[in-house]
Amino acid sequence: MCAKLLKEIEQEVTEFLSGLIRINTTNPPGNETPATKYTTRALEKDGFKCEQFESAPGRGNVITRLRGTGEKPSLLLLSHLDVVAANPKEWSVGPFGGVVKDGFVWGRGALDMKSMTAMEVMVMKLLKRNNMKLKGDVILAATADEEKGGEAGTGWLVRNHPEKIRADYVLNEGGGLAIPVNGKNIYTIQTAEKGILWFKVKAKGRPGHSSVPGAADNAIMRMNRVVEKLGNYRSRISLVPIVKQFLNEVAKENKLLQQGVSLLLENPEMGDQVLDMLAQKDKAMAEEIRARLRMTATPTIIHGGVKENIIPSECEAIFDCRMLPGQTTTGALNEMKNLLKDVGLEKLEFETIQANEPSESPSNTPLYEQIVGTLKEFEPNCSVVPILLTGGTDSRFFRNMSSTCYGFQPLRADMPYGEMLKTIHGIDERISIKNLVFGTSVLCDVVEKLMM
Ligand SMILES: [Zn+2]
């Protein structure tokens, strides 16, 4: 079967997405169960049997499966049903109205990631309607709670019902959007994501009257030094293979990057100088690259003091630290503590809030090759690159179970690339109907060919 745009599903996939957006699954609290019921009803129309699991009241997850002969590896089509909050006052349409206009479906979740749920549900239906003789199981799971870390969604399923969602391959969010460079599309496949360490530092001091500052030991002043040290810290640059591959590929198409990238690859220690130069021309791109070259740490919350005239004895700050593949959360925390030796570790307390190790999947797999093959059929002059995500997704739960997991939600930038990214967790999030059809068609072709 050759790759083709499935125009005939346009209305069905659009209506499904519009209806799903109308179910407000803002997390917190999530309340995903109405969305799992809605998804179940849509799948049941085609004769699917769905299983719904609640990790807590209202926190629904839904799973269904098409059985294969077992000759080939199994594949899970994953998505999350929860979304982040949206302020209707900032939007030009209601964020939970599921409005269809100007060729787009508008609303919170249109990109992140109810559109992927819609595409994956459509793929399942097409496989069944066309009576595909699958050689491996294809499983669909739409889950709760990703936007708050996934512990009440995918994390809960993996702990409580691993047999229901374990698969050799997983397709999820985190990649797939084409970067347009000089009229050519570079499609991304997320094969790795950085680790996350959220930690709290409590600076201790001695209280006193602020009219005699010298007599007390001000915890805010101590925290000031902590924030200064960690917030400005530039840890050692480390060029991991996937980032090298990405830079090489993008530089081929981008004149601005060419010189800089070769300089960077030869002398990684000059990375910051090279990127500072690039930043003068393209700040966004330079910072995206910089965050992929090293571990980062940044203060995100600070609390201290209780009254205008009291020198506080405590001040707390929270830091968000992101590690490269190959680094560990323990190593990162030790590195941070080391930096703070001259601030006085005896006056500082550390508490880990969340720690997820970096995760990575190999890119030399039949699934990866099939994605490349399918994209080339749709768009012969495109290129495809693996990317390291600076953020985190539910993929890590599966990589921990040794599944090969890729972030691949196939999309073309049919508005300016930067603007499209800004709508995710931002204002006026929307997806074009063309993209819904394109994404469904690509995914369907990948699954069919992989499983034949
Ligand atoms: Zn998401």
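These remarks concern the structure in this document. (Residues numbered from 1 in each chain as written. Predicted model: local features only at pLDDT ≥ 70, side-chain atom pairs only at ≥ 80, totals over all residues. Heavy atoms only, no water.)

Moving on: the pattern of salt bridges. Tallied over the entire structure, the rule returns 33 salt bridges. One salt bridge in this structure joins Arg-59 and Glu-32, with 2.8 Å as the shortest N-O distance. Of this pair, Arg-59 sits in the loop between strand E1 (50–54) and strand E2 (60–66) while Glu-32 sits in the loop between helix H1 (10–22) and helix H2 (33–44), and the two are 27 residues apart along the sequence. Classification of Arg-59 by relative accessible area gives buried; the value is 13%. Since its relative accessible area comes to 0%, Glu-32 is described here as buried. (Salt bridge = Lys/Arg side-chain N within 4 Å of Asp/Glu carboxyl O. Helix = DSSP H or I, 4+ residues; strand = E, 2+ residues; numbered from the N terminus. Buried < 20%, exposed > 50% of the residue type's maximum accessible area, 1.4 Å probe, protein only.)

Attention now goes to the coordination of the zinc ion. Taken together, His-80 (NE2), Asp-112 (OD), Glu-173 (OE) and Glu-173 (OE) make up the full set of protein donors to the zinc ion, lying 1.9 to 2.8 Å away. Geometry at the zinc ion is irregular, judged from the four donor atoms that bind it and their angles of 51 to 150 degrees at the metal. Taken in chain order, the donor set of the zinc ion reads H-x31-D-x60-E. Here the residue His-80 occupies a position in strand E3 (residues 75–80), and Glu-173 occupies one in the loop between strand E7 (169–172) and strand E8 (179–181), the gap between them amounting to 93 residues. With respect to class, His-80 is no different from Glu-173; both count as buried. (Donors = N, O, S within 2.8 Å, 3.2 Å for Na, K, Ca; no water. Tetrahedral: all angles 85-135°; square planar, octahedral: opposite > 155°, others 65-115°.)

Following both chains from N to C, one finds H1 and helix H3 (residues 114–129) inclined at 140 degrees, their axes separated by 9 Å at the closest point. Here H3 runs oblique to H1, going by the angle between their axes. In the crossing of H1 with H3, the sense of the turn from one axis to the other is right-handed. Judged by residue contacts, Glu-12, Val-13, Phe-16, Leu-17, Leu-20 and Ile-21 of H1 engage Lys-114, Ser-115, Thr-117, Ala-118, Met-119, Val-121, Met-122, Lys-125 and Arg-129 from H3. (Axes fitted to C-alpha atoms, helices over the stretch in contact; angles between N-to-C directions. Parallel < 35°, antiparallel > 145°, perpendicular 65-115°, else oblique. Left-handed = near helix turned anticlockwise from the far one by under 90°. Contact = heavy atoms within 4.5 Å.)

Glancing now at the pairing of strand E9 (residues 184–193). Buried residues dominate E9, accounting for nine of its 10 residues. Where E8 folds back onto E9 in an antiparallel hairpin, the turn is made up of two residues, including Asn-182, whose phi is positive at roughly 50 degrees. Inspection of the sheet shows E9 paired to strand E17 (residues 383–389) by seven bridges, in the parallel sense. Its bridge partner lying in E17, Thr-188 is registered against Val-385. Inspection of the sheet shows E9 paired to strand E16 (residues 359–360) by two bridges, in the antiparallel sense. When the sheet's bridge partners are listed, Ala-192 is paired in E16 with Glu-360. (Pairing = 2+ DSSP bridges.)

What follows is about the nonpolar core. Judged by nonpolar contacts, the single largest core of 73 residues is most densely connected at Leu-75, Leu-171, Leu-367, Ile-371 and Ile-431. With 11 residues, helix H16 (residues 433–451) is the single largest residue contributor to this core. Of all hydrophobic cores here, the second largest spans 26 residues; its members include Ala-192, Val-240, Ile-242 and Ile-289. (Core = buried A, V, L, I, M, F, W, Y, C linked by side-chain atoms within 4.5 Å.)

The next point concerns the sheet that holds strand E5 (residues 104–106). Judged by pairing direction, the sheet is antiparallel, and its three strands sit side by side in the order E4-E5-E19 without closing on themselves. A strand with exactly one partner marks an edge of an open sheet, and here the two such strands are strand E4 (100–101) and strand E19 (430–432). Note: E4 against E5, two bridges, orientation antiparallel. Bridge pairing links Val-100 to Val-105 in E5. Each of E4, E5 and E19 is contacted by H1, which is oriented at about 15 degrees to E5, the strand it contacts most.

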